[in-house]
Amino acid sequence: MPAFPPTFQEQLRDLFRLRRDVRRFRPDPVPEDVFMDMLDAAHHAPSVGLSQPWRFVRVDDPARRAAVIAEFQRANDEASTIYEEERAQLYRSLKLAGLREAPIHLLVCVETCPDTGHGLGRQTQPVTLRDSAVCAIQNLWLTGRARGIGVGWVSILEPDRLRQTLDLPPTWDWVGYLCVGWPQEEPDVPVLETAGWDQRQPLESHLFQR
Ligand SMILES: Cc1cc2nc3c(=O)[nH]c(=O)nc-3n(C[C@H](O)[C@H](O)[C@H](O)COP(=O)(O)O)c2cc1C
């Protein structure tokens, strides 16, 4: 396979650096072909044993979306109680989801008993099915960013409280709930860093040798 040209490599590096988790969306709809491109990129992700275990659930139904928003509020209030003083104040000031504004809600699940892949690779590490679905999310996220579409991953939800509402088959496990839409802003630094929640660490502190 030929290498991609240097200009593309530089742009790809920029794409990785400028991908952001988005919580503030404009309400304009995402063109269907753009969203399908994002899903297509996700569907090209690597997967253990070529199992392609991801399942994409678009949540359009207003009552179901409202139930997700209510669950976020409940879970976020509960999460805020583990902090004290200034950290608690800072936590409560953060906007940690764009569920109300985002034109698209997308739940990514993993089929835990797929017919595909014939079990290759997951006898030793069953979690690799889930890992494959996470790879799919990253493809979707970067493809969206390349087209100017923002993605926000909302983990402040208890999946078991929403399984029934979203009518999930028993073999599907929850991986990630995503908000998708046009971002209000495209900062080059993570929002949590700007807000003073934490700081990115240098690569050297995450690099080890054995
Ligand atoms: C698995 C996962 C779950 C996340 N859950 C949330 C969330 O519930 N709310 C939120 O505001 N951001 C969430 N994020 C986004 C992170 O806060 C964000 O990726 C991090 O602060 C770095 O910022 P960046 O993605 O803009 O580079 C999540 C990210 C990942 C990978």
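A quick note: this is a predicted structure, and the numbers were derived from the prediction, not measured.

Novice: What am I meant to see in the packing of aromatic side chains here?
Specialist: In this structure the tally under the stated criterion is six aromatic pairs. A ring pair is formed by Phe4 and Phe8, whose centres lie 5.0 Å apart and whose planes are at 35°; its orientation type is tilted. For Phe8, a relative accessible area of 35% translates into the label partly exposed. A cation sits over an aromatic face here: Arg19 above Trp141, 4.6 Å from the ring centre.

Novice: Can you walk me through the pairing of strand β3 (residues 104–111) in this structure?
Specialist: Along any regular strand, the residues point their side chains to alternate faces of the sheet. With respect to burial, β3 is a largely interior element, eight of its eight residues being buried. Of the two faces of β3, both are covered, the one formed by Ile104, Leu106, Val108 and Val110 as well as the one formed by His105, Leu107, Cys109 and Glu111. Bridge count between strand β2 (residues 54–58) and β3: five bridges; the pairing is antiparallel. Following the sheet pairing, Phe56 is matched in β3 by Val108. Here eight bridges tie β3 to strand β5 (residues 172–183), and the two strands are oriented antiparallel to one another.

Novice: In this structure, what is going on with the nonpolar core? I would like to understand it.
Specialist: The tendency in soluble globular proteins is for nonpolar side chains to be buried as a group. Core analysis: the largest hydrophobic core is formed by 28 residues, its most contacted members being Leu99 and Tyr177. Those elements giving two or more residues to this core turn out to be α3 (62–80), α4 (85–93), β3 and β5. When near neighbours in sequence (up to four residues on either side) are disregarded, Tyr177 contacts Val59, Val68, Leu99, His105, Leu106, Leu107, Gly152, Trp153, Val154, Leu157 and Leu166. Core analysis: the next-biggest nonpolar cluster, separate from the first, contains 24 residues, Val34, Phe35, Val175 and Leu178 among them.

Procedures and definitions
Residues numbered from 1 in each chain as written. Predicted model: local features only at pLDDT ≥ 70, side-chain atom pairs only at ≥ 80, totals over all residues. Heavy atoms only, no water. Phe/Tyr/Trp six-rings, centres within 6.5 Å; stacked < 30°, edge-to-face > 60°. Buried < 20%, exposed > 50% of the residue type's maximum accessible area, 1.4 Å probe, protein only. Lys NZ or Arg CZ within 6 Å of the ring centre and 35° of its normal. Helix = DSSP H or I, 4+ residues; strand = E, 2+ residues; numbered from the N terminus. Pairing = 2+ DSSP bridges. Core = buried A, V, L, I, M, F, W, Y, C linked by side-chain atoms within 4.5 Å. Contact = heavy atoms within 4.5 Å.

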